[in-house]
Amino acid sequence: MDAEGLHMNIDYVGSSGIILSTEQKAALQSSLVILKSNYKFRVVKFWGKIFGVKSDYFIVQGVGKDELKERKTLYSLDCVHWGLLPVVTESMRHNCSFVKGRFTGDPSYEYEHTETKKAEGADGEKLDGAEEENIIMIKEEDRLATTIEAIDYDVRIVPRGAYYRTALGTVEPNRSFEGLSVADSGKLSSYFHFREPFLLTQKTLLQKAELDKAIDFLDPIDTDVPKGGSWSIQFERGSGLVTLRSLHWLGFAFYHVPGTRKYGSVYVGVGTKNLDLPFML
């Protein structure tokens, strides 16, 4: 959710148990203004919080002109001093996949993983019965960046029409977006994954003909697996607020006020995906 007006917007997800203390709100309001100026971000968004054993990580993301591609992630332990997270690489994803359990809360902490593989001879051929151990050190900072990327890919969503793709291919906020109607806001098909599209490239020509290329360039969330069981959607305050919660990443909440431009999302949790979801339905 936008850092501007955070102290008010955070109340929209209060029913999900997501709250910030008065001290945290005050620290974020002042420090994020400085952060935006120092990094020359167009917009700063409060991403959420990941719980650690010793300390919790507060996460924000700075956005450039293209909101889909120009995005940097920063973290803080005190809501005042911020550190830039590294760009996630394929090797980081591979190494971090071996790490299980809670975050420690110390970004410099290193996990140790021992990888066993068959030994190779001088000519590069694998030797029968011979194995060698390779110790991999994984920084918690890398694990934090990888987890945030995974959460964003799975559950970062926006209402239909909130963004449009220009003729140059950049993705920008749609100034003519006035919010979803009450009827549309209750449908999962009205919300899109805010990531590079994948499923839309596989749609039939007939289905593509019915889409608006400018705003229907993202993947809808109603096709998520398990279909119909990945999201919980409900109205609050009569029909004045709609809230979506992810059942894959418990702690993620998205809100939208129908008929207005107000929407946002936040994640507060331990950073672990609910892999038991298919067995819970």
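Just so you know, these numbers come straight off a predicted model, no measurement behind them.

Just to check I follow, could you spell out the overall build of the protein for this structure?
When helices and strands are counted, the protein shows seven helices and 14 strands. Its C-alpha atoms put the protein at 65 × 55 × 45 Å along the principal axes. Within the protein, the fraction of its 281 residues that count as buried is 46%. Long-range pairs, those at least 24 residues apart, make up 57% of the contacts in the protein with a sequence separation of at least 6. Summed over all atoms, the accessible surface of the protein reaches about 15000 Å², with 54% contributed by carbon and sulfur. Positive and negative side-chain charges in the protein, numbering 34 and 39 respectively, have mean positions lying 7 Å apart.

How should I be thinking about the pattern of salt bridges in this particular structure?
It is possible for side chains bearing opposite charge to pair when their charged atoms get close. Counted under the stated rule, the structure contains twelve salt bridges. The salt bridge involving Arg195 is made with Asp219; its shortest N-O contact spans 3.9 Å. Taken together, the residues span a long stretch of sequence, with Arg195 in the loop between strand S10 (191-193) and helix H6 (205-209) and Asp219 in the loop between H6 and strand S11 (231-236) at a distance of 24 residues. As far as burial versus exposure is concerned, Arg195 and Asp219 are alike and both buried. Overlapping salt bridges bring together Arg42, Glu67 and Arg71 as one network.

What is the right way to look at helix H4 (residues 140-155) in this model?
Because each turn of an α-helix spans 3.6 residues, side chains separated by three or four positions end up pointing in the same direction. Here H4 is 16 residues long and its end C-alpha atoms lie 22 Å apart, about the 22 Å a rise of 1.5 Å per residue gives. Of all 16 residues in H4, twelve are buried, a share of seventy percent or more. What H4 keeps buried is the set Glu140, Glu141, Asp142, Arg143, Leu144, Ala145, Thr146, Thr147, Ile148, Ile151, Asp152 and Val155.

What's the story with the pairing of strand S3 (residues 71-76) in this structure? I'm lost.
Within a regular beta strand, the side chains point alternately toward one face of the sheet and then the other, so they alternate between its two faces. Judged by how many residues are buried, S3 sits mostly within the fold: five of six residues are covered. Pairing geometry for strand S2 (residues 57-63) and S3, over six bridges, is antiparallel. Following the sheet pairing, Ile59 is matched in S3 by Tyr75. By the bridge criterion, two bridges tie S3 to strand S4 (residues 83-84) in an arrangement that is antiparallel. Residue pairing for S4: Tyr75 is matched across the bridge by Gly83. In textbook terms, the turn of a hairpin is the stretch between consecutive antiparallel strands, and for S3 and S4 this stretch comprises six residues, one of which, Cys79, has a positive phi near 70°.

Please explain the layout of surface pockets as it appears in this structure.
Over the atoms rolls a probe the size of a water molecule, and its path tells where empty space is left. Of the pockets and cavities examined, the largest pocket occupies roughly 740 Å³. Along the walls of the largest pocket sit 36 residues, with Met1, Asp2, Lys45, Tyr263 and Gly264 positioned nearest its centre. Of all the secondary-structure elements, those providing two or more residues to the lining of the largest pocket are helix H1 (6-9), strand S1 (43-50), H4, strand S7 (157-159), strand S13 (252-256) and strand S14 (263-269). Per-element tally for the lining of the largest pocket: the top contributor is S14, with five residues. When grouped by side-chain class, the residues that make up the lining of the largest pocket number 20 nonpolar, six polar and ten charged. Taken as a whole, the second largest pocket holds about 550 Å³ of empty space. Lining the second largest pocket are 21 residues, with Arg71, Thr73, Glu149, Asp152 and Arg156 positioned closest to its centre. Those elements that provide at least two residues to the lining of the second largest pocket are S3 and H4. Considering every element that reaches the lining of the second largest pocket, the biggest residue donor is H4, with five residues. By residue class, the composition of the lining of the second largest pocket is ten nonpolar, two polar and nine charged.

Thresholds, definitions, all that
Within any chain, residue numbers begin from 1 and follow the written order of that chain's sequence. Owing to the predicted nature of the model, reporting of local features is limited to residues with pLDDT of at least 70; listing and counting of side-chain atom pairs is limited to 80 or more, with chain, interface and lining totals taken over all residues. The basis for the side-chain values is all heavy atoms of the structure; hydrogens and waters are excluded. In this description a helix means any DSSP run of H or I spanning at least four residues, a strand means any run of E spanning at least two, and both kinds are numbered starting from the N terminus. Categorising residues by exposure relies on relative accessible area from a 1.4 Å probe, with only protein chains included: less than 20% of the type maximum marks a residue as buried, more than 50% marks it as exposed, and the intermediate range marks it as partly exposed. Note on contacts: a residue pair qualifies if any of its non-hydrogen atoms lie within 4.5 Å across the two residues. Here the Shrake-Rupley method, with its probe set to 1.4 Å, supplies the accessible areas, and only the displayed protein chains count as covering residues. For the charge count, each Lys or Arg is scored as positive and each Asp or Glu as negative, with His and the chain ends excluded. A single reference atom marks each charge: NZ on Lys, CZ on Arg, CG on Asp, CD on Glu. The working definition used for a salt bridge is a side-chain nitrogen of Lys or Arg within 4 Å of a carboxyl oxygen of Asp or Glu. A helix is expected to span 1.5 Å multiplied by its residue count minus one. At least two bridges found by DSSP between two strands is the condition for calling them paired. The rule is simple: put a 1 Å grid over the protein atoms alone, call a set of points where a 1.4 Å probe fits but cannot get out a cavity, call an open set with protein on both sides within 12 Å along at least five of seven lines a pocket, and count a residue as lining if it has an atom within 4 Å of a point. Grid points are joined across faces, edges and corners, and a volume is the space filled by probe spheres set on the points. When residues are grouped by polarity, Ala, Val, Leu, Ile, Met, Phe, Trp, Tyr, Cys and Pro land in nonpolar, Asp, Glu, Lys and Arg in charged, and all others, Gly among them, in polar.

Purely geometric stuff here, so don't read any function into it on its own.
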